[in-house]
Amino acid sequence: MTESFINARTPTVLRPPAPPKGWTRSRVIGHILVGVWAALILGLLVYLYSAWNIDLVRKYGPTYLSGLGTTITLVGSSIILGAVLSIPVVLGRLSNNRIISSVAYFYVYFFRGTPLIAQVFLIYYGVGSFNKELQSIGLWVFFREAWFCALLAFALNTAAYQAEILRGAIRSVPLGQWEGAASLGISKAVTFWKIILPQALIVALRPYGNEVILMIKGSAIVALISVYDLMGYTKLAYSRTFDFQTYLWTAIIYLVLVEILRHLWDWMERRITRHLIR
């Protein structure tokens with residue numbers, strides 16, 4: 001009895017792991033790829049150093065900052081407006097009414113299934129072609145400005161994506177949350193706003209960050225409708241200098257902006273979900 005008890009408590013001795021293999025083919029390929037990327041980055045830095053033109057920076061640097069401000073303002077405004085528009089779309093997608101859910105579905109289907117640049121052109125050139133009708137109802141002041149047309153197109157586009165993000169996040173909340181709130185006599189509206197939505201936003205936080213980054217990068221297309229954002233001023237600088245580094249610096253600015261947003265979203269996610277870390 002005692003011997004069997006002792007044997008039962010004796011820990012199982014695991015065999016030590018096998019020593020790591022030498023230079024396998026995948027390891028060699030990985031080191032080669034890392035070396036190629038390092039060489040490309042080093043070459044880029046050397047080129048930027050050798051092609052540095054202080055006169056060009058002094059002349060077009062302020063316009064780049066102005067264009068960056070326009071880009072951030074346009075994307076930020078469209079994201080906020082799209083978040084507001086996405087709420088009724090989400091409610092429509094979750095509705096049991098077939099007509100309402102179908103209208104919401106086709107809205108999401110259209111703006112997610114067509115290119116953003118086509119939507120911008122449809123609003124700027126398509127709706128803008130009805131200038132007489134728009135003047136009669138007082139909307140020509142809005143649609144004659146390219147910036148407002150871009151804002152509307154971006155807001156409608158991101159509202160469709162945000163609606164699907166939020167809908168998926170709401171669906172991920174366990175059904176027991178609704179049932180528990182109903183058993184306590186809490187109305188569905190209060191349950192949604194106070195219980196379901198806060199949990200859903202935690203799930204949707206990372207996809208929201210991806211959507212903001214995609215909007216930042218996609219905003220460059222507004223330069224095609226004469227909006228002088230960062231890319232618009234870049235095109236202007238290149239048309240006057242024919243210097244390739246005007247586009248190169250713009251790409252670096254976009255990259256830095258995306259990295260700032262990525263780290264900001266990581267910090268927000270850690271901050272909001274700190275109670276879930278054990």
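This write-up is about the structure you can find in this document. Source: prediction; values computed, not measured.

1. Considering the pattern of salt bridges
Right, so step 1: Applying the stated rule across the entire model yields eight salt bridges.
Right, so step 2: Residue Arg112 pairs with Glu164 through a salt bridge whose shortest N-O separation is 3.8 Å. Of the two residues, Arg112 sits in helix H4 (residues 98-113) while Glu164 sits in helix H8 (residues 146-172), which places them 52 residues apart along the sequence.
Right, so step 3: Look at Arg112 and you get partly exposed, because its relative accessible area is 41%.
Right, so step 4: Across the salt bridge formed by Arg262 and Asp266, the nearest N and O atoms sit 3.8 Å from each other. In this pair, Arg262 and Asp266 are both assigned in helix H12 (residues 245-272), four residues apart and thus about one turn of the helix distant.
Right, so step 5: With relative accessibility at 33%, the residue Arg262 sits in the partly exposed group.
Right, so step 6: Among the charged side chains, a salt-bridge network with shared partners connects Arg206, Glu259, Arg262, Asp266 and Glu269.

2. Things to note about the layout of surface pockets
Right, so step 1: Each pocket or cavity is described by its volume, and for the largest pocket that value is around 450 Å³.
Right, so step 2: As for the largest pocket, its lining consists of 13 residues, and the residues nearest its centre are Leu94, Ile170, Arg171, Trp178 and Phe192.
Right, so step 3: If you list the elements that add at least two residues to the lining of the largest pocket, you get helix H3 (54-94), H8, helix H9 (175-183) and helix H10 (188-218).
Right, so step 4: Among the elements that line the lining of the largest pocket, the one with the most residues is H10, at four residues.
Right, so step 5: By volume, the second largest pocket amounts to about 200 Å³.
Right, so step 6: Lining the second largest pocket are Trp52, Leu56, Val57, Tyr60, Gly61, Tyr64, Gln245, Thr246, Trp249 and Ile253.
Right, so step 7: Breaking the lining of the second largest pocket down by element, the ones donating at least two residues are H3 and H12.
Right, so step 8: Broken down by element, the residue count for the lining of the second largest pocket peaks at five residues, all from H3.
Right, so step 9: Of the residues that constitute the lining of the second largest pocket, the class distribution is seven nonpolar, three polar and no charged.

3. With respect to the side chain of Ser78
Right, so step 1: One can find Ser78 in helix H3.
Right, so step 2: Residue Ser78 is classed as buried on the basis of its relative accessible area, which comes to 0%.
Right, so step 3: Here Ser78 is in contact with Leu151, Phe154, Ala155, Thr158 and Met215, once residues within four sequence places are set aside.

Cut-offs and rules
- Residues numbered from 1 in each chain as written.
- Predicted model: local features only at pLDDT ≥ 70, side-chain atom pairs only at ≥ 80, totals over all residues.
- Heavy atoms only, no water.
- Salt bridge = Lys/Arg side-chain N within 4 Å of Asp/Glu carboxyl O.
- Helix = DSSP H or I, 4+ residues; strand = E, 2+ residues; numbered from the N terminus.
- Buried < 20%, exposed > 50% of the residue type's maximum accessible area, 1.4 Å probe, protein only.
- 1 Å grid on protein atoms, 1.4 Å probe; cavity = no way out; pocket = protein on both sides within 12 Å on 5 of 7 lines; lining within 4 Å.
- Points joined across faces, edges and corners; volume = space filled by probe spheres on them.
- Nonpolar A, V, L, I, M, F, W, Y, C, P; charged D, E, K, R; others polar.
- Contact = heavy atoms within 4.5 Å.

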